[in-house]
Amino acid sequence: MTSVLNVDTIADKAGTGPVALTKQHAAKAYANITTASTIAINGSFNISGVVDNAAAQTTYSFTSSFTNNDYSALGTSGDNGLIANFPQTDQVPTTGSIRGITVTDASTTADPASQVNSAMLGDLA
């Protein structure tokens, strides 16, 4: 027999809020941004802001920090031929932020005309 569970909200044990993600391996931060002329955050989780550092270089700040700087980060670009690198090759991620860069196959920086997507996985502080 097949069962179906339909709910509107799953609350914590006290019934006062949502269930927190603990001991799970879900993305702890993500962002979808546009960098065409100015930085625009189209959608995000645990991202307090994105700063335009230079052409094709952005820093993502986290609302809640990671426990250490050994978390995993990945990114994609919506443009053919562009690669989103997280962290930027010459930058060390910190618990509170990470710097990313978009490059061509020839390692030349280039702002994407469309979007950059990123996700960070690890343990939050």
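Quick summary incoming for the structure in this document.

What follows deals with unusual backbone geometry. Residue Pro87 is reached from Phe86 by a cis peptide bond, and omega for that bond is -5°. Within the element layout of this structure, Pro87 appears in the loop between strand 6 (82-85) and strand 7 (97-104). One non-glycine residue, Asn46, lies in the positive phi region at around 60°. With respect to the element layout, Asn46 can be found in the loop between strand 2 (40-45) and strand 3 (47-54). If you check the backbone angles, Ala56 has positive phi at about 65° while not being a glycine. In this fold, Ala56 is placed in the loop between strand 3 and strand 4 (57-62). Residue class for Ala56 comes out buried when judged on its relative accessible area of 4%.

Next up on the list: the pairing of strand 7. Counting buried positions along strand 7 gives 6 out of 8 residues, so the element sits mostly inside the fold. Summarising the sheet, strand 4 and strand 7 pair through 5 bridges and their orientation is antiparallel. Paired with Gln57 across the bridge in strand 7 is Ile101. Where strand 6 meets strand 7, 4 bridges bridge the pair, whose relative direction is antiparallel.

Reading the values: the criteria
Residues numbered from 1 in each chain as written. Predicted model: local features only at pLDDT ≥ 70, side-chain atom pairs only at ≥ 80, totals over all residues. Heavy atoms only, no water. Helix = DSSP H or I, 4+ residues; strand = E, 2+ residues; numbered from the N terminus. Buried < 20%, exposed > 50% of the residue type's maximum accessible area, 1.4 Å probe, protein only. Pairing = 2+ DSSP bridges.

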